[in-house]
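So the chains spell out like this:
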Amino acid sequence: MKANEALNKMMEWMEAIGKSNKTAENTWREVAHFLEDKELLDTHTEKIDEFIVNDYINNGKKITAVSTRRYKLSALKTFFNYCVAKGWMVGNPASLVKVNIRKVPHKKRQAQKKEAFTPAEVKYIIANTEGFWRSAVIIAVETGLRLGDIVQLEWDCFSPTHVEVWTDKKDKKVALKMSARLRKTIGSLPQEDESYLFPEERKKYLLPDDGGTGRRTWFQQTFKRMLIRFGIEDKTFHCFRVTHASQRKKSGEDIETIAKDLAHSKSSTTVKHYIT
């Protein structure tokens, strides 16, 4: 069984046994990234050994936190356990692999709080991007929405005063105020699709079962390359969410309101992870 076909079969099984969409999507994303990174999509699963898995998980050239490496390894164990159960492999190669702390840079050995973009960084990024990325950055700064929610925005989400979104991660509805800059940005977008603001990016983001191509890593890799080009280090697109929350807190807004708009069940989560 080819690895890519095995992954699709596992996704069907996870859906059949009632695994949450989020769990299934996260597992699929991590395994797909592994297969793409090691060029194994068309490789038969029995050809994948512990040395390949170890090289991926403990790659000293990648600046990846310990917790992230452990999460990736857990996803691979789930995938290979399925393959073993189906008889496509004799044993699980990931079960022999452990995260090697010595391969992890010192500053990545402990979880770190994400930092907000500075006003100067936000201004520079917006000034030097165009199309989808420029719009996505402005929407993120103005609303605090995750990238996954931004790429799936519908025209019907917007009213003259608010944007209403069912968040992908928490499946909670948030109603966010429309700022003047957000209104101007949305109004300037070409309506290339009847329903969605960013149809091309939405198709890349969605999993194959949802009509997409499942290229979520493209967003992470593309934005990371952009930041490197701009000379901005140790930040991700998710940091715009921190930027949004921190700006609102500094302007005097109530933390409970900010937490509600970020779809957090507890305000303590907002304070701990999103206020700098």
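For every chain, the first residue of the written sequence is number 1, and numbering continues from 1 along that sequence. Note on the predicted model: pLDDT of at least 70 is required for a residue's local features to be given, and 80 or more for side-chain atom pairs to be given and counted; whole-chain, interface and lining totals, by contrast, use all residues. Each side-chain value is derived from all of the structure's non-hydrogen atoms; neither hydrogens nor water enter the calculation.

**Student:** Looking at this model, I keep getting lost on the environment of Tyr-196. Mind explaining?
**Tutor:** A run of H or I in DSSP counts as a helix once it spans at least four residues, and a run of E counts as a strand once it spans at least two, with each numbered from the N terminus. Tracing the backbone shows Tyr-196 in the loop between α8 (180–187) and α9 (199–205). Not counting chain neighbours up to four residues away, the residues in contact with Tyr-196 comprise Gln-152, Leu-153, Glu-154, Trp-155 and Arg-202. Side-chain atoms alone can form a polar contact between residues adjacent in sequence; in general such a contact is a pair of N or O atoms within 3.5 Å, and within protein one must be able to donate a hydrogen while the other accepts it. One polar contact links Tyr-196 to Arg-202, side chain to side chain, over a distance of 3.2 Å. Whether two residues are in contact is decided by their heavy atoms, any of which lying within 4.5 Å being enough.

**Student:** Hey, could you run me through unusual backbone geometry in this one?
**Tutor:** Peptide bonds are trans in most cases, and residues, glycine excluded, mostly fall at negative phi. For Glu-39, which is not glycine, the phi torsion reads 55° and is therefore positive. As for its position among the elements, Glu-39 is in the loop between α2 (21–37) and α3 (50–57). Each residue gets one of three labels from its accessible area relative to the maximum for its type: buried under 20%, exposed over 50%, partly exposed in between, using a 1.4 Å probe on protein chains only. Relative accessible area serves as the criterion here: at 69%, Glu-39 is assigned to the exposed category. Here Asp-234, not a glycine, exhibits a phi torsion of approximately 60°, which is positive.

**Student:** Could you clarify how one ought to interpret the packing of aromatic side chains in this entry?
**Tutor:** Describing an aromatic ring pair means giving the distance of the ring centres and the angle of the ring planes. Here is the rule: rings of Phe, Tyr and Trp (six-membered ring for Trp) pair when centre to centre is within 6.5 Å. Planes less than 30 degrees apart are stacked, more than 60 are edge-to-face, and the remainder are tilted. The final tally for this structure, using the stated rule, is 18 aromatic pairs. Here Phe-79 and Phe-80 contribute two aromatic rings whose centre-to-centre distance is 5.1 Å and whose plane-to-plane angle is 50°, an arrangement assigned as tilted. With a centroid separation of 5.7 Å and 70° between ring planes, the pair formed by Tyr-82 and Trp-88 is classed as edge-to-face. The exposure classification of Tyr-82 matches that of Trp-88, with both residues buried. What links up through ring pairs into an aromatic cluster is the set Phe-117, Phe-132, Trp-133, Phe-198, Tyr-205, Trp-218, Phe-219, Phe-223, Phe-237 and Phe-240. Definition used: whenever NZ (Lys) or CZ (Arg) falls within 6 Å of the ring centre and also within 35 degrees of the ring normal, the charge is taken to sit over that ring. A cation sits over an aromatic face here: Arg-202 above Tyr-196, 3.8 Å from the ring centre.

**Student:** Would you take a moment to explain the nonpolar core for this structure?
**Tutor:** One broad trend across soluble globular proteins is that nonpolar side chains are buried collectively. Put simply, buried Ala, Val, Leu, Ile, Met, Phe, Trp, Tyr and Cys residues joined by side-chain atoms within 4.5 Å make one nonpolar core. Ranked by size, the top nonpolar core spans 42 residues in total, and within it Phe-117, Ile-150, Leu-153, Phe-223, Phe-237 and Phe-240 carry the most contacts. Those elements that place two or more of their residues in this core are α5 (119–127), α6 (131–143), α7 (147–150), β1 (162–166), β2 (173–177), α8, α10 (216–230) and α11 (239–250). When residues of this core are assigned to their parent elements, the largest contribution, 8 residues, is made by α6. Within the second largest apolar cluster, 31 residues are counted, among which are Leu-35, Tyr-56, Cys-83 and Val-97.

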